[in-house]
Amino acid sequence: MQKKGDWNKYKSIFSRFESKHKRLKWGDSIPYNASELETALKEFYSTLNDEEKNFFALNVQHKIKEYFTATNLEPTDSGYKEYLSYLELSRKDKYWKGTHYAEIEHKVFKTQLNEQFFNHLINCYKKENQFNRTVYDFLYHLLKANDMITTQIAYKEYVQLKSIANKERFDNNDNQVRRIQICKKANELWNQSNTKIHLSYSIYK
């Protein structure tokens, strides 16, 4: 980044990133932890054109180091090793180049974005007081049909279905229609701010 043009490009790209992630404008706000920062940067990377991606991959470690410094973490603090590990990872070209956010491996949901979407759905069901074991079963089949989940075994371990089954009582008059309505509404809310995930509702018909 020795040329003035490169510096301007650097500022332009990361200003766009920070405009979408207000917490990274340090001030009185709370910094992202390393995991949140990784998710935010990967998602942003996927929105760039090829030229910007190449420039981003070469220079992002400078920005990550800046964020790392701003956390004021000491080597003995929780989160220090995670940040340091991510800083080292970000210096590897293969971590960025040719890798889109939607392709990040996840042992349960295939991508981290899918996991975020799943948690969004769960929260919507909780707000509607429609939350039980059948919701977890329903969402598994829905997300599996949309190729968003790896295996049923991994999913069951992730949501700890055994412990849920032992604690919950089930309604014999389970309302599948209501469950579908909540899911569709949750998907609409998601799409208002995020266009990366769209579900097919064919399995409802």
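Up top is the structure these notes are about.
Here we summarise the structure given alongside this text. (Residues numbered from 1 in each chain as written. Predicted model: local features only at pLDDT ≥ 70, side-chain atom pairs only at ≥ 80, totals over all residues. Heavy atoms only, no water.)

## Points about the overall build of the protein
Point 1. In terms of helices and strands, the protein carries 10 helices and 0 strands.
Point 2. By the burial criterion, 41% of the 205 residues in the protein qualify as buried.
Point 3. A fraction of 64% describes how many contacts in the protein between residues 6 or more apart in sequence connect residues 24 or more apart.
Point 4. Accessible surface, the protein as shown: approximately 12,600 Å² in total, 47% of it carbon and sulfur. (Helix = DSSP H or I, 4+ residues; strand = E, 2+ residues; numbered from the N terminus. Buried < 20%, exposed > 50% of the residue type's maximum accessible area, 1.4 Å probe, protein only. Contact = heavy atoms within 4.5 Å. Areas by Shrake-Rupley, 256 points an atom, 1.4 Å probe, with all protein chains shown as cover.)

## What to know about the nonpolar core
Point 1. If you look at the biggest cluster of nonpolar residues, it comprises 28 residues, and the most contacted ones within it are Phe117, Phe118, Leu139, Leu143, Tyr155 and Cys183.
Point 2. Looking at this core, the elements with two or more residues in it are helix H6 (112–127), helix H7 (133–145), helix H8 (152–159) and helix H10 (176–193).
Point 3. Of all hydrophobic cores here, the second largest spans 24 residues; its members include Phe55, Tyr80, Tyr86 and Trp96. (Core = buried A, V, L, I, M, F, W, Y, C linked by side-chain atoms within 4.5 Å.)

## Focus on the environment of Asn175
Point 1. Here Asn175 lies in the loop between helix H9 (161–167) and H10.
Point 2. Classification of Asn175 as partly exposed rests on a relative accessible area of 42%.

## Observations regarding the packing of aromatic side chains
Point 1. All chains considered together, the criterion is met by 18 aromatic pairs.
Point 2. A ring pair is formed by Phe56 and Trp96, whose centres lie 5.0 Å apart and whose planes are at 80°; its orientation type is edge-to-face. Within this pair, whereas Phe56 is found in helix H3 (residues 50–70), its partner Trp96 is found in helix H5 (residues 93–96), the two being separated by 40 residues in sequence. Take Phe56 and Trp96: they sit in the same class, and that class is buried. (Phe/Tyr/Trp six-rings, centres within 6.5 Å; stacked < 30°, edge-to-face > 60°.)

## Details of H7
Point 1. Between its terminal C-alpha atoms H7 stretches 19 Å, which fits the 18 Å expected from 13 residues at 1.5 Å a residue.
Point 2. Of all the residues in H7, the buried ones are Val135, Tyr136, Phe138, Leu139, Tyr140, Leu142 and Leu143.
Point 3. Count one or two residues on from H7 and you reach Asp147, which has phi positive near 55°. (Expected span 1.5 Å × (residues − 1).)

## Description of the pattern of salt bridges
Point 1. Within this structure, the stated rule accounts for 7 salt bridges.
Point 2. Lys9 is the partner of Glu51 in a salt bridge, and the nearest nitrogen-oxygen pair spans 3.4 Å. Here the residue Glu51 occupies a position in helix H3, and Lys9 occupies one in helix H1 (residues 4–20), the gap between them amounting to 42 residues.
Point 3. Under the relative-accessibility criterion, Lys9 is labelled partly exposed at 28%.
Point 4. In this structure, Glu66 engages Lys63 in a salt bridge whose closest nitrogen and oxygen atoms are separated by 3.2 Å. In this pair, Glu66 and Lys63 both sit in helix H3, 3 residues apart, roughly one turn of the helix. (Salt bridge = Lys/Arg side-chain N within 4 Å of Asp/Glu carboxyl O.)

## Brief notes about the environment of Cys124
Point 1. Mapped onto the elements of the fold, Cys124 is located in helix H6.
Point 2. When its relative accessible area of 13% is taken as the criterion, Cys124 is described as buried.
Point 3. Through-space distance from the C-alpha of Cys124 to that of Ala186 is 6.1 Å; in sequence the pair is 62 residues apart.
Point 4. If we skip the residues at most four places from it in the chain, Cys124 touches Ile182 and Ala186.

## Examining helix H4 (residues 80–90)
Point 1. For H4, the full list of buried residues reads Tyr80, Tyr83, Tyr86, Leu87 and Ser90. Summarising the axial view, the buried residues of H4 lie within an arc of 135°, below the 170-degree limit, and thus occupy one face. (Arc of directions from axis to C-beta.)

## Here we look at unusual backbone geometry
Excluding glycine, most residues fall at negative phi; most peptide bonds, likewise, are trans.
Point 1. Positive phi values are uncommon outside glycine, yet Asn72 reaches one of about 60°.
Point 2. If you trace the backbone, Asn72 turns up in the loop between H3 and H4.
Point 3. Its identity as a non-glycine residue notwithstanding, Asp147 has a phi of 55°, on the positive side.
Point 4. As for its position among the elements, Asp147 is in the loop between H7 and H8.

## Some remarks on the packing of H7 against H10
Point 1. The contact between H7 and H10 brings their axes to 11 Å, and the two run at 60°. Considering the angle they form, H7 stands oblique to H10. Note on packing geometry: the crossing formed by H7 with H10 is right-handed. Residues Thr134, Val135, Phe138, Leu139 and Leu142 of H7 pack against Arg179, Ile180 and Cys183 of H10.
Point 2. Looking at the contact of H7 with H10, its residues break down into 6 nonpolar, 1 polar and 1 charged. (Axes fitted to C-alpha atoms, helices over the stretch in contact; angles between N-to-C directions. Parallel < 35°, antiparallel > 145°, perpendicular 65-115°, else oblique. Left-handed = near helix turned anticlockwise from the far one by under 90°. Nonpolar A, V, L, I, M, F, W, Y, C, P; charged D, E, K, R; others polar.)

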